[in-house]
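Spelled out, the chains give:
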Amino acid sequence: MSALRRAAVDSVSGLPRQFWWLWTSTLINRLGAFVATFLALYLTVERGYSASYAGLVGALYGLGGVISSVGAGVLTDRLGRRPTMLIAQLSTSVSVAVLGFMEDPVAIAVVAGVVGMATNASRPAVQAMMADIVAPEDRVRAFSLNYWAINLGFAISSTAAGLIAQHGYLALFLGESTLVLTCALVVFWKLPESRPTAGAPAGPQDPAAEGASAAPVSMLTVLRDGRFMTVVGLNLLLALLFQQAYVSMPVSMGQDGFSSADFGAVIAVNGILIVLLQIPVTRFIEHRSPATLLIGSALLAGYGFGLTALAGSVAMYALAVVVWTLGEIINSPTQMGLVVRLSPVHGRGRYQGMYALSWSIASLSAPLIGGTVIDHYGANALWAGCAAVGTVAALGYGLLLRRLPAQRATTTTPASSSATAPAAAPATGEPVA
């Protein structure tokens, strides 16, 4: 018991106070993530619209996220992390509340697109601020704790939303609006700006980028960064896999004669494992080779979804979820550490925006890809394709990262003295962030 307590303390110790306020804002935000989860159900059951219309609204919600990913990345670098988060969160709070009162189908579709845009806009700023205020050797742990908060909040909100909806769907919209507004207040009161000043030295990044970190960074700079864009492309492949859990897996289970309750029980395994294992697994991986971890996570994700082709029972579906969830647990903090490592310090917002874009594109295109493959070739072909995609991603990571230079730990100079990032001591072992 004492060893477990010591491990828990070690997992959360040594991180700056600003990180914990940022972590708190993330948790509050995800505790109120009601609308996106229940939007299709709201439109079809409460409003009586067709499934096709609900799909269109969902696509517009995803399109809003695609648009805001890049724009929010630029704002994060130009305006700063804190203003971008406040704009995004206040816009989300207002637009979600407005959506709850919309009745015209065109108005609902338009406002849903705005909600998708506003909801996604804070992500580049949150990730950039986290990279600013956390020492390099602690970043994988910090990203892991943040990812844990996201999943813990989502697990609670999904359960609570079902109960709240019994009193009317409007309560979901107003509840999310209130919690996002609370999140904005935490940012306003507790999180000073962390954007490095123009004369700051190069931040903790790939040594090949040093000397260029103070140079102007545009979206064209990001697009020309071949190694980083390859990482974005490989992440897109994995994001397409993970999205199949919420798009194609319920369809596949339905075709096999399983109920929605069966799917709910199976997908719950994902959230439970992340909440239970994210922190202890990160303790094991945080100072290991990013190449090895990303290759392994890609194979676990690909072959985990591939196992779904063999599933003939709820237990087998759950086993497949266990395998790809382990890949997700390993991939998320490692990938985020790599993104920061490859990003010049003065371009973190734009780089994070491009990385977020890969997730937005996946959420928009995965339903189309999964549905098309299942309709024309069958679910087993889709799951075999997932295994192939995971293999391709693993090979890509192996080729890309075989000569990844060792990271140098340096100190950045934030714009506000109260937000000063901690000086980084040299990391022990092979650094991963």
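Residues numbered from 1 in each chain as written. Predicted model: local features only at pLDDT ≥ 70, side-chain atom pairs only at ≥ 80, totals over all residues. Heavy atoms only, no water.

If you check an unreviewed UniProt entry, the protein chain appears there as MFS transporter from Streptomyces endophytica. Its UniProt record gives the protein chain the following Subcellular location (unreviewed entry) comment, quoted word for word: "Cell membrane". (UniProt positions renumbered as here; feature names shortened; annotations may be inferred.)

Caption draft 1: Examining the overall build of the protein chain more closely. Scanning the protein chain from terminus to terminus reveals 16 helices and zero strands. Counting only residues that meet the buried cut, the protein chain has 52% of its 433 residues in that class. With an accessible surface of roughly 17600 Å², the protein chain has 68% of that area assigned to carbon and sulfur atoms. (Helix = DSSP H or I, 4+ residues; strand = E, 2+ residues; numbered from the N terminus. Buried < 20%, exposed > 50% of the residue type's maximum accessible area, 1.4 Å probe, protein only. Areas by Shrake-Rupley, 256 points an atom, 1.4 Å probe, with all protein chains shown as cover.)

Caption draft 2: Structural detail: the nonpolar core. Counting residues in hydrophobic clusters, the biggest one holds 72 residues, and the most contacted among them are Phe 19, Met 130, Phe 228, Leu 238, Met 249 and Phe 305. Considering every element that reaches this core, the biggest residue donor is helix H11 (residues 226-255), with ten residues. Discounting chain neighbours no more than four positions away, the residues touching Leu 238 are Ala 298, Ala 301, Asn 331, Ala 393 and Tyr 397. Residues Leu 39, Ala 54, Ile 108 and Val 111 belong to the second largest nonpolar core, which totals 21 residues. (Core = buried A, V, L, I, M, F, W, Y, C linked by side-chain atoms within 4.5 Å. Contact = heavy atoms within 4.5 Å.)

Caption draft 3: Quick look at the packing of helix H4 (residues 51-78) against helix H7 (residues 123-133). Closest axis-to-axis distance for the H4/H7 pair is 8 Å, and the angle between their directions is 40°. The orientation of H4 relative to H7 falls into the category oblique. Handedness of the H4/H7 crossing: right-handed. Taken together, the residues of H7 that come into contact with H4 (itself represented by Ser 69, Ala 72, Gly 73 and Thr 76) are Pro 124, Ala 125 and Ala 128. Grouping the amino acids of the contact of H4 with H7 by side-chain chemistry returns four nonpolar, three polar and no charged. (Axes fitted to C-alpha atoms, helices over the stretch in contact; angles between N-to-C directions. Parallel < 35°, antiparallel > 145°, perpendicular 65-115°, else oblique. Left-handed = near helix turned anticlockwise from the far one by under 90°. Nonpolar A, V, L, I, M, F, W, Y, C, P; charged D, E, K, R; others polar.)

Caption draft 4: Representation of the confidence of the model for the protein chain in the model. Of all residues in the protein chain, 86% attain a pLDDT of 70 or more, and the chain-wide mean is 83. Taken as a whole, residues 201-213 scores under 50 in pLDDT and shows 40 contacts with residues more than four places along the chain or in a different chain. Low pLDDT, under 50, characterises residues 408-433; the predicted model gives this stretch 82 contacts beyond four residues in sequence or across chains. (pLDDT = per-residue confidence, 0-100.)

Caption draft 5: Main features of the pattern of salt bridges. Enumeration over the complete set of coordinates arrives at five salt bridges. For the salt bridge of Arg 81 with Asp 77, the shortest nitrogen-to-oxygen distance reads 3.4 Å. As far as the burial class goes, Arg 81 and Asp 77 line up, both buried. Note that Arg 348 is salt-bridged to Asp 132, the shortest N-O span being 2.5 Å. Placement of the pair is Arg 348 in helix H15 (residues 348-377) and Asp 132 in helix H7, with a sequence separation of 216 residues. A single burial state applies to Arg 348 and to Asp 132, both of which are buried. Shared partners join several salt bridges into a network, and the residues in it are Asp 77, Arg 81, Asp 132, Arg 348 and Arg 350. (Salt bridge = Lys/Arg side-chain N within 4 Å of Asp/Glu carboxyl O.)

Caption draft 6: Quick peek at helix H16 (residues 379-401). The end-to-end C-alpha distance of H16 is 33 Å, a good match for the 33 Å that 23 residues give at a rise of 1.5 Å each. Within the span of H16, buried status applies to Ala 379, Leu 382, Trp 383, Cys 386, Ala 387, Gly 390, Ala 393, Ala 394, Gly 396, Tyr 397, Leu 400 and Leu 401. In the core, the buried residues of H16 are packed alongside H11, helix H13 (290-306), helix H14 (314-341) and H15. (Expected span 1.5 Å × (residues − 1).)

Caption draft 7: Up close: the packing of H11 against H14. As a packed pair, H11 and H14 sit with axes 12 Å apart at the nearest point and diverge in direction by 155°. One finds that H11 runs roughly antiparallel with respect to H14. Every pair of crossing elements has a handedness; the one defined by H11 and H14 is left-handed. Note on element contacts: H14 touches H11 through Tyr 317, Val 321, Trp 324, Gly 327, Glu 328, Asn 331, Gln 335, Leu 338 and Val 339, opposite Phe 228, Val 231, Asn 235, Leu 238, Phe 242, Ala 245, Met 249, Ser 252 and Met 253. Looking at the contact of H11 with H14 residue by residue, the class counts come to twelve nonpolar, five polar and one charged.

Caption draft 8: Representation of a nonpolar patch on the surface. Residues Leu 90, Leu 181, Leu 185, Phe 188 and Trp 189 make up a contiguous nonpolar surface patch of roughly 510 Å² in combined accessible area. With respect to the helices and strands, Leu 185 occurs in helix H9 (residues 169-190). (Patch = residues over 30% accessible without salt bridge, like charges linked within 9 Å, V, L, I, M, F, W, Y side chains within 5 Å.)

Caption draft 9: Here's a closer look at the environment of Gln 255. Following the sequence through the fold, Gln 255 ends up in helix H11. Taking the C-alpha atoms as reference, Gln 255 lies 8.9 Å from Ala 379; in sequence the two are 124 residues apart.

Caption draft 10: The arrangement of the packing of aromatic side chains in detail. The full count for this structure, using the stated rule, is twelve aromatic pairs. Taking the centre distance of 6.3 Å and the plane angle of 55° together, the rings of Phe 242 and Trp 324 count as tilted. With a gap of 82 residues between them, Phe 242 in helix H11 and Trp 324 in helix H14 connect regions that are remote in the sequence. Grouping residues by exposure puts Phe 242 and Trp 324 together as buried. (Phe/Tyr/Trp six-rings, centres within 6.5 Å; stacked < 30°, edge-to-face > 60°.)

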